Amino acid sequence: MGRVVFAAKVSHVPSIYLGEQPGHEGLHDSLRDGLRRLGRVAREAGVETFVVFDSHWINTIGYHVNVAARHEGVFTSHEIPHFIHDLAYRYEGDPDLGRAIVREARAGGQDARGHDYRSLGLEYATLLPMRYMNPDGAARVLPVGQNVNASWQENRRFGEAVRRAVEAAGRRVGLVASGSLSHQFWPNEEAPRRLLEVSSEFNRQADEHVLAQWREGRVKEFLAFLPTYLRVCSGEVNMSDTVMLFAALGWDRYRGRGVLYGGYEGSSGTGQANVLFDVDDLPPPVPAAGEQREREG
Ligand SMILES: [Fe+2]
């Protein structure tokens, strides 16, 4: 039986990477250090595969999983090429777990597909967290796309499918929700001089509120807040990464808490944090709808 042995919500902002470059030293040190420490926790937990809910692999129709046996390439961001360019990467993939996720999502009635196209490269919401959390590529990497047109309810069902697949595939898995908290950018003209500020006081307070809910284990309260939070605070891909993470952990049956790894920081107007979630005593996975009917019948 497989198991979720690690779960985290993480930041992937390009300025974390920029902070490594000459002339930008110190930028987002606490986020970068937080990712490195999270990586060490994952290694101690024996993570074999990181499943990354990648909010920069944006899908418009259906759910998509990168089931390639190996991810290898050189990445330049189309969005912000002066921050991230010519970044070489090489990770082993996890076709078996990837195809299990597709199978379980389909069993739950969702349109899901796995792909191993050679030119389907990784996006930076996978590459940057993996750069610090998985620096030697010891763990496999399995990117999961995020559908910008999916409702949070659909994303919840997909996250439940991921959990079923983990149990079925016999892997020790680290779940990584790679996405922002609030996600309202500054207007372009203001962005350069406000790089490290959150763009609205309302969003900043909402993010702090959510971080407190996670820290104190007020999960039901957070889940009641979430549908409005993701909309009003401009959630990155509707905060699908967060929805999938909580669904995989057990949704309102989850009793864990979240611990901040690094600070809460603004980046180009958005709210950023790394949070490690408890994975002890997770509730059992939710059966696919068909299985549920069979059991009840
Ligand atoms: Fe992003």
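Residues numbered from 1 in each chain as written. Predicted model: local features only at pLDDT ≥ 70, side-chain atom pairs only at ≥ 80, totals over all residues. Heavy atoms only, no water.

Enquirer: Provide a residue-level description of the overall build of the chain, including the pertinent values.
Expert: Looking only at helices and strands, one finds nine helices and 12 strands in the chain. Relative to a compact globule of 297 residues, whose C-alpha radius of gyration would be 19 Å, the chain shows 18 Å and is just as compact. The principal-axis extents of the C-alpha atoms in the chain amount to approximately 60 × 40 × 35 Å. Within the chain, the proportion of its 297 residues that are buried is 57%. A separation of at least 24 residues holds for 80% of the contacts in the chain among residues at least 6 apart in sequence. Within the structure as shown, the chain displays about 13,000 Å² of accessible surface, and the carbon and sulfur contribution to it stands at 47%. Across the chain, the mean location of the 34 positive side-chain charges is 4 Å away from that of the 39 negative side-chain charges. (Helix = DSSP H or I, 4+ residues; strand = E, 2+ residues; numbered from the N terminus. Rg over C-alpha atoms; globule rule 2.2 N^0.38 Å. Buried < 20%, exposed > 50% of the residue type's maximum accessible area, 1.4 Å probe, protein only. Contact = heavy atoms within 4.5 Å. Areas by Shrake-Rupley, 256 points an atom, 1.4 Å probe, with all protein chains shown as cover. Lys, Arg positive; Asp, Glu negative; His and termini not counted. Charge placed at Lys NZ, Arg CZ, Asp CG, Glu CD.)

Enquirer: Lay out the coordination of the iron ion in plain terms, naming residues and giving numbers.
Expert: Of the protein atoms, only His 12 (NE2), His 56 (NE2) and Glu 236 (OE) coordinate the iron ion, at distances of 1.9 to 2.1 Å. Mapping the donors of the iron ion onto the primary sequence yields the spacing H-x43-H-x179-E. Within this pair, whereas His 56 is found in strand β2 (residues 49-59), its partner Glu 236 is found in the loop between α7 (219-232) and α8 (240-249), the two being separated by 180 residues in sequence. Residue classification places Glu 236 among the buried positions, given a relative accessible area of 6%. (Donors = N, O, S within 2.8 Å, 3.2 Å for Na, K, Ca; no water.)

Enquirer: Lay out the pattern of salt bridges with the relevant residues and their values.
Expert: Under the definition given, this model contains 19 salt bridges. Measuring nitrogen to oxygen at the nearest pair gives 2.8 Å for the salt bridge that ties Lys 9 to Asp 241. In this pair, Lys 9 sits in strand β1 (residues 3-10) while Asp 241 sits in helix α8, placing the two residues 232 residues apart along the sequence. Since its relative accessible area comes to 1%, Lys 9 is described here as buried. Judged by relative accessible area, which is 0%, Asp 241 ranks as buried. The network of salt bridges with shared partners includes Glu 190, Arg 194 and Glu 197. (Salt bridge = Lys/Arg side-chain N within 4 Å of Asp/Glu carboxyl O.)

Enquirer: Please provide a residue-by-residue account of the packing of aromatic side chains, values included.
Expert: Between two aromatic rings, the relevant description is the distance of the centres plus the angle of the planes. Enumeration according to the criterion identifies 11 aromatic pairs in this entry. Geometrically, the ring pair formed by Tyr 63 and Phe 158 is stacked, given 4.5 Å between the ring centres and 15° between the ring planes. In this pair, Tyr 63 sits in strand β3 (residues 63-66) while Phe 158 sits in helix α5 (residues 152-169), placing the two residues 95 residues apart along the sequence. Exposure remark for Tyr 63: the relative accessible area of 3% places this residue in the buried category. By relative accessible area, Phe 158 is classed as buried at 0%. With a centroid separation of 5.9 Å and 35° between ring planes, the pair formed by Trp 214 and Phe 246 is classed as tilted. With Trp 214 in helix α6 (residues 201-215) and Phe 246 in helix α8, the pair connects residues that are 32 residues apart, well separated along the chain. We note that Trp 214, like Phe 246, is buried. (Phe/Tyr/Trp six-rings, centres within 6.5 Å; stacked < 30°, edge-to-face > 60°.)

Enquirer: I'd like to hear about the side chain of Asn 203, residue by residue, with values.
Expert: Structurally, Asn 203 can be placed in helix α6. Leaving out residues up to four positions away in the same chain, Asn 203 has contacts with Ser 182, Gln 184, Val 198, Val 232, Cys 233 and Tyr 264.

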